[in-house]
Amino acid sequence: MNDLNKEIQFVKGIGPKRAEKLHKLNIFTLKDLIYYFPRQYEDRSKVKKINQLENEEKVTIKGVITRMDSYSPKKGMNIIRMDMRDDTGYIKLSFFNQEYIKRAFKSGDSIVVFGKVKIENNFKEFVPIEIEHYSSKPQSNCKIEPVYPLTYGLSNKELQGIIRSVLTKEEFKVKEYLPTYILEKYKLCGIDFAVRNIHSPSNKEALKIALYRLVFEEFLILQLGLFYFKNGVNESSGIEFKENEKLNDIIESLPFKLTKAQNRALSEITQDMTSSKVMNRLVQGDVGSGKTVVALLALASAVLNGYQGALMAPTEILASQHYDSFKEILERFNIKSELLVGSLTKKQKEKVLEKVKNQEVDILIGTHSLIEDKVEFKNLGIVITDEQHRFGVRQRGRLSNKGDSPDILVMTATPIPRTLALILYGDLDISIIDELPPGRQPIETIAIEHKRRNEAYENLVRSEVQKGRQVYVVCPLVEESEKIEATAASELVEELKREFFSDLRVGLLHGKMRPAEKDAIMDDFKNKKLDILVSTTVIEVGVNVPNATLMIIENAERFGLAQLHQLRGRVGRGNHKSYCILIYNSKTEVCKERMAIMEETTDGFKISQKDLEIRGPGEFFGTRQHGLPELKVANIFKHIKILKQAQLEARYIIGQDRRLQLKENQKIKEEILYKFSEREEISLN
Ligand code: ADP
Ligand code: MG
């Protein structure tokens, strides 16, 4: 029997070299491999006659080779030319540097070629993508071809070959994990059939059946997992906080007046907190809309009632920024905040933990460190997660387990389409902060081609710095590797110092730095000891330096729109006019379209909608966004009917078997644990 957990380099026929390439696609085990599904299919079953070919169409032709020769126009380049004919005409084919064609085919052979038609000045040519000998066996030519998402150095054909060789091994069979009664109830095919046919569909019908099963399964596992990990929220046993006059004093002491939207969110929160129900609320507000102060007031309100509060942020930079601003506002009201992050020394940590346990600390702010077992509160009344989409589902649940039914507030800048909100937060109330603080001027965004990069540095950066402002320069994620990313960022610093800004103070921030170093750099930037901060995407969330007015993003084409929007949100946080320069290095239509959207709008909702349209929901709702299992084939828009069925079924199953302890549900539980496993959850520190 095959072991799906087997590491990929030990699978026969793969080996370490190919395994390395597969790792880049996040394929580590045999299971990852067979669950690496095609992005789309190319229907190669459409065969046309040569005299009917139209320009640019992708199609299969069948015929006989009438002539073949090869020549070498220059060193290292070899071109094989081929003429073929069917009963309607002739066409020319050329192959570049594909020596094996000469050995595999000869004049007179019957062939089947899939490729693309090119007609220029009445000259018809066929650009071959795949060529095979004609076979009389049905199904062996002209199939529905899977097209996989790929990485550099791995061709579609190679990946297809690897997957097929695994699937065709005699003993290979994927074990079923859905209970039989579900398969029967929804008329689903078995998992083995589904996996085989998603990779090499025997025909369109089989592909449809396979997809249906996999879509259903993805939704079922997603929904069931969410139910399973969710805390049993007890409707009646929440804390009934009392309104406290002192909260108004705190509000009065703020350096600004709350916006209408902030006030509305706050009063919705107060209503929840003063009711006997447990609060379960999401605050959604665009970047810069002022969510932090709303969190602060909710926490303060719990503290004024004699409880403790916790605030969890996804990065140390953000956590310590919150800590600083909380101290500044709350200390004079005798509300004590503490910071708990990974970079504290053991001694410091112990001291903080001790104080938290004895309630000498009122508000604990930190990163994932907050959910560690040793963190104990005396009297936890409210937990808040900032930028909650950065956390895994499990992590969120764990924090609230540290109190006795504390109120829960989650905050996010990422707008979530309604359907997804329903899956994720079926029982969550939503407050929306749809207004920016007054005095903000919209950020002006300009996209420029890479060749105009120098202008941006020479003119724009300098003029902002002369005005006393500060500048962010962001360089992108390189192949998901923080190490390479860090190197790229350091090199950029060197270049900027050498070529443009020998007289300015340029700092560097990246994910490979120790937290203390990061803090020091951020402090320098905040205290205007640096003019320019070159950073990787570690500054993406939450960072707040109102004097920074210009952001330059290098290789902007490599970012998703939502991410560009988040990054851009680091400027335009004060009263000064701010700018964002997107330097792009791609000539594709998609890139131009995306840059244009960023130039046109600063509305996060619109951007997120567009992002979805361009990238498709698969990527948008990937793990990175929400800490959820990736939906590989299921689409929450297209498959809404199946989603509803799966939701109903999940509710039914959980209603019968809250902890999934019944024998028939064991395998599906394993699958849930696998799909929601922590390795999927990102950590940013
Ligand atoms: P986000 O919603 O992105 O988390 P922040 O809470 O970081 O936004 O707020 C962004 C900036 O706006 C901060 O500098 C904050 O002090 C400021 N701010 C928040 N509310 C107001 C307000 N009502 N008036 C003026 N400035 C505000
Ligand atoms: Mg924030």
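Structure shown above.
Only a predicted model underlies this, so the values are computations on that prediction, with no experimental measurement involved. (Residues numbered from 1 in each chain as written. Chains lettered and ligands numbered in written order. Predicted model: local features only at pLDDT ≥ 70, side-chain atom pairs only at ≥ 80, totals over all residues. Heavy atoms only, no water.)

Draft legend 1. View of unusual backbone geometry. Even without a glycine there, the phi angle at Asn 26 is positive, about 65 degrees. Tracing the backbone shows Asn 26 in the loop between α1 (15–24) and α2 (30–34). Its relative accessible area of 55% is what places Asn 26 among the exposed residues. Although it is not a glycine, Asn 97 sits at a positive phi angle of roughly 45 degrees. Mapping Asn 97 onto the fold places it in the loop between β4 (89–96) and α3 (100–104). (Helix = DSSP H or I, 4+ residues; strand = E, 2+ residues; numbered from the N terminus. Buried < 20%, exposed > 50% of the residue type's maximum accessible area, 1.4 Å probe, protein only.)

Draft legend 2. Focus on the sheet that holds strand β14 (residues 429–433). Taken together, the seven strands give an open sheet; going across it, the order is β10-β11-β9-β12-β13-β8-β14, and neighbouring strands pair in parallel fashion. Each of the sheet's edge strands pairs with one partner strand only, and the pair in question is β10 (337–340) and β14. The average undirected angle you get between the axes of adjacent strands in this sheet is 20 degrees. Note that strand β9 (residues 308–312) and strand β11 (residues 363–366) share four bridges and pair parallel. When the bridges of β11 are listed, Ala 310 appears paired with Leu 364. Packed onto the sheet, helix α9 (residues 260–274) meets β8 (280–285), β12 (380–385), β13 (407–412) and β14 and runs at close to 160 degrees relative to β14. Against the sheet, helix α12 (residues 346–357) touches β9, β10 and β11, its axis set at about 135 degrees to β10. (Pairing = 2+ DSSP bridges. Axes fitted to C-alpha atoms, helices over the stretch in contact; angles between N-to-C directions. Contact = heavy atoms within 4.5 Å.)

Draft legend 3. Local environment of the site of ligand 1. Lining the immediate environment of ligand 1, one finds 16 residues, of which Lys 257, Gly 288, Thr 292, Arg 440 and Asn 544 sit closest. A distance of 3.4 Å separates an oxygen atom of ligand 1 from a polar atom in the backbone of Ser 289. At a separation of 2.8 Å, an oxygen atom of ligand 1 approaches a polar side-chain atom of Asn 544. Relative to its free-state accessible area of 570 Å², ligand 1 is covered by the protein chains to the extent of 85%. Grouping the constituent residues of the shell around ligand 1 by class yields four nonpolar, seven polar and five charged. (Near = heavy atom within 4 Å. Polar contact = N/O pair within 3.5 Å; in protein donor to acceptor, adjacent residues only side chain to side chain. Areas by Shrake-Rupley, 256 points an atom, 1.4 Å probe, with all protein chains shown as cover. Nonpolar A, V, L, I, M, F, W, Y, C, P; charged D, E, K, R; others polar.)

Draft legend 4. Seen up close, the pairing of β9. Counting buried residues along β9, five of its five residues qualify, which places the element largely inside the surrounding structure. Burial along β9 is two-sided: Gln 308, Ala 310 and Met 312 facing one way and Gly 309 and Leu 311 facing the other are all buried. Bridge count for β9 against β12 is five bridges, and the pairing is parallel. Across the sheet, residue Leu 311 finds its bridge partner in β12, namely Ile 384.

Draft legend 5. The packing of aromatic side chains, seen in detail. According to the stated counting rule, one finds eight aromatic pairs in the structure shown. Ring geometry for Phe 500 versus Phe 501: centroids 5.7 Å apart, planes at 40 degrees, classification tilted. Of the two residues examined, Phe 500 and Phe 501, each falls in the buried class. Pairwise contacts between aromatic rings join Tyr 457, Phe 500 and Phe 501 into one cluster. Between the NZ or CZ atom of Arg 213 and the centre of the ring of Tyr 177, over which it lies, the distance is 5.8 Å. Of note, Arg 659 hangs over the ring of Tyr 228, and the distance from its end group to the ring centre comes to 4.6 Å. (Phe/Tyr/Trp six-rings, centres within 6.5 Å; stacked < 30°, edge-to-face > 60°. Lys NZ or Arg CZ within 6 Å of the ring centre and 35° of its normal.)

Draft legend 6. Layout of the environment of Lys 187. Relative to the helices and strands, Lys 187 is located in the loop between α5 (180–185) and α6 (191–199). Residue classification places Lys 187 among the exposed positions, given a relative accessible area of 72%.

Draft legend 7. Highlighting the nonpolar core. Judged by nonpolar contacts, the single largest core of 62 residues is most densely connected at Leu 330 and Ile 384. When residues of this core are assigned to their parent elements, the largest contribution, ten residues, is made by helix α10 (residues 291–304). Beyond its immediate chain neighbours, meaning those up to four positions away, Ile 384 contacts Ala 295, Ala 298, Leu 299, Ala 310, Leu 311, Met 312, Leu 409 and Met 411. (Core = buried A, V, L, I, M, F, W, Y, C linked by side-chain atoms within 4.5 Å.)

Read these as layout, nothing more, since geometry by itself doesn't imply function.
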